[in-house]
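Listed here are the chains, written in short residue letters.
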Amino acid sequence: MEFEMENGGILQQKGLKNTTYEGAYYNGLNLKVGFKSRAKRDQYYQVYNYPIYGIGIYSSTFNSPIIGSPYAIYGFVQTPIYPKENSKWSYDYRLGLGLSGNFKPYNAQENPLNLVIGSKNNVFIDLGIRAQYRLTDHLKVGAGLAFHHFSNGALALPNKGVNLIPATVSVNYQFNPDVKIHRDSVLEPFSKKIYYHLNYGVGFKQLRDDLDHRFFKTTLSGYASRFVSYKWRLGAGVDLFYSSSGNDEEIAGDKSGELASKLSGGPSFYVAHVLNERLVLNGNVGYYIHNQRFNGEIKKFFLRAGARYYVYKNLNAGVSIKAHMGKADFIEWTVGYTFNRDYK
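Model, not experiment: these values are computed from the prediction.

Caption draft 1: Spotlight on the sheet that holds strand β17 (residues 315-324). Pairing is antiparallel in the closed barrel, where eight strands are placed in the order β11-β12-β13-β14-β15-β16-β17-β18. Across the sheet, the axes of successive neighbouring strands diverge by a mean angle of 25°, strand direction being ignored. In terms of strand pairing, strand β12 (residues 211-227) meets strand β13 (residues 232-243) through eleven bridges, oriented antiparallel. Within the sheet, the bridge partner assigned to Thr219 lies in β13 and is Phe241.

Dropping the structure here:
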C-alpha cells in the first residue's frame, strides 16, 4: 500500500498562461494498492524482476475554478530497475492507464477560458520513475518524477489536453517483506512463429467547435508480427478507416456520400511491448495512401498507442488513441483475434 503526493509541473500550451492557466498551481494525491506475484506459469514475472500490479485512486486540484479538481481510477504496473537484493536503495518505473472525472470543461457561456479540455470525463495516462529507500522490512520512502496526460481523444472540443510533470514523494508500506529476486528456472525461448492479428475498433469524434455532433468512426486492421526479444514484437500491416462524417454535407460538402469521402487507410508499422502473457502495449506508425482532411485526417502519417488484454485464449480487447503527430484523432475501443499464438 502506498501514499504519494505530487506538486507543480504544469506544461502550459503556448498562449494560455493568462487564460486557462492564470493563477493555477497543481497538487495531487495517489493512494495505491498492489501485489507482487511469483506466477510460475508466466515467465514474464521473472523477465521483469517481479513487478507490482495494482489499482490507484488519484485526486488533484489546480487551485483554479477554470480547470476543475479532477480525480481518476487507474490500473498500473510498477517495474523494478536492476534490483539488488541486499541494498536499501531501489528504483522503479511505472505505467498506468485509467479514467478521470470532475474536470470543468469548456463552455462558451459558463467557462469560456478553459481552452484545453471539452469534457468532464477523460482518459488518464500515468508514467513515473522513482528512487526508494528502505527504512524497515515493511516501510519505504521515495521520491521521483511523474508524467500525466488527460485527453478525450477529440470526443469533445477543445482537446489540447492537460499535461503535467510533477515531482513526487511517497511512503510505501508492505505487509510482507520484499520477494527475494532469484531465478527460478531457465527461461523458455521466445516464440519464433509469425503471429497474425485482426482487430476492429470503434469510436466517436467531434470535428468542429461550432458543431456539437459526434461522428462515428471505425477501424479494421490486419498485421503480421514476430518476437525480436522477450519484451518486443515487431511487424507491419494495413489499417482501413471509416468516417461517417463523409456523409455529412456540412463537413464533406459536394463530396458527401461518396465512398472516397468515408474511407481512408494505408500501410503501418506495428510494435508490441509484451508485459506478460496476457497484457500488451501496442503502437503503430502508418501512412495514408488515401485520406480526407475534412474528416480530421490532417497529416499523411498517423500514430496509435494503446493497450490490449487477452481475455480468453487468443481473443483480446483494448483501447488505443489514434493521432496525427501531437493531435488526437479519436479513441478506439477494440476487439481482436491473434492467429498462430501459443497461449497458456
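Caption draft 2: Region of the structure containing the side chain of Arg308. As for its placement among the helices and strands, Arg308 is situated in strand β16 (residues 301-312). Within the buried set, Arg308 has no salt-bridge partner at all; the shortest N-O distance to an opposite charge, 5.8 Å, is to Glu332. Those residues in contact with Arg308 that sit more than four places away from it in its chain are Asn199, Arg278, Leu279, Val280, Asn282, Asn316, Ala317, Gly318 and Thr334.

Caption draft 3: Molecular detail of the pairing of β12. Across 13 bridges, strand β11 (residues 195-208) lies against β12 in antiparallel orientation. Of the residues in β12, the one forming a bridge with Val202 is Thr218. Linking β11 back to β12 in an antiparallel pair, the connection comprises two residues. Between the end of β12 and the start of β13, which pair antiparallel, lie four residues.

Caption draft 4: Representation of the packing of aromatic side chains within the structure. Counted under the stated rule, the structure contains 21 aromatic pairs. With centroids separated by 5.2 Å and ring planes inclined at 40°, the aromatic side chains of Phe124 and Phe150 adopt a geometry described as tilted. Separated by 26 residues along the polypeptide, Phe124 in strand β7 (residues 122-134) and Phe150 in strand β8 (residues 139-151) bring together distant segments of the chain. A single burial state applies to Phe124 and to Phe150, both of which are buried. Taken together, a centroid distance of 6.0 Å and an interplanar angle of 65° make the contact between Phe241 and Tyr288 edge-to-face. Separated by 47 residues along the polypeptide, Phe241 in strand β13 and Tyr288 in the loop between β15 (279-287) and β16 bring together distant segments of the chain. Taking relative accessible area as the criterion, Tyr288 reaches 0% and is therefore assigned buried. The structure contains a cluster of three or more aromatic residues connected by ring pairs, namely Tyr58, Tyr74, Phe76, Phe103, Phe124 and Phe150. Directly above the aromatic system of Phe76 lies the positively charged group of Lys32, at a separation of 5.9 Å from the ring centroid.

Caption draft 5: Focus on the pairing of strand β14 (residues 263-274). Sheet topology note: the β13/β14 ladder contains eleven bridges and is antiparallel. Paired with Leu240 across the strands is Gly265, a residue of β14. When β14 meets β15, the two strands line up antiparallel, connected through seven bridges. Bridging across to β15, Tyr270 finds its partner in Asn284. Between the antiparallel neighbours β14 and β15 lie four residues.

Caption draft 6: Here's a closer look at a positive patch on the surface. A contiguous patch of positive charge on the surface is contributed by Lys160, Arg293, Lys299 and Lys327. With respect to the secondary-structure elements, Lys160 resides in the loop between β8 and β9 (162-164).

Conventions and cut-offs
Residues numbered from 1 in each chain as written. Predicted model: local features only at pLDDT ≥ 70, side-chain atom pairs only at ≥ 80, totals over all residues. Heavy atoms only, no water. Pairing = 2+ DSSP bridges. Helix = DSSP H or I, 4+ residues; strand = E, 2+ residues; numbered from the N terminus. Axes fitted to C-alpha atoms, helices over the stretch in contact; angles between N-to-C directions. Buried < 20%, exposed > 50% of the residue type's maximum accessible area, 1.4 Å probe, protein only. Lys, Arg positive; Asp, Glu negative; His and termini not counted. Salt bridge = Lys/Arg side-chain N within 4 Å of Asp/Glu carboxyl O. Contact = heavy atoms within 4.5 Å. Phe/Tyr/Trp six-rings, centres within 6.5 Å; stacked < 30°, edge-to-face > 60°. Lys NZ or Arg CZ within 6 Å of the ring centre and 35° of its normal. Patch = residues over 30% accessible without salt bridge, like charges linked within 9 Å, V, L, I, M, F, W, Y side chains within 5 Å. Areas by Shrake-Rupley, 256 points an atom, 1.4 Å probe, with all protein chains shown as cover. Charge placed at Lys NZ, Arg CZ, Asp CG, Glu CD.

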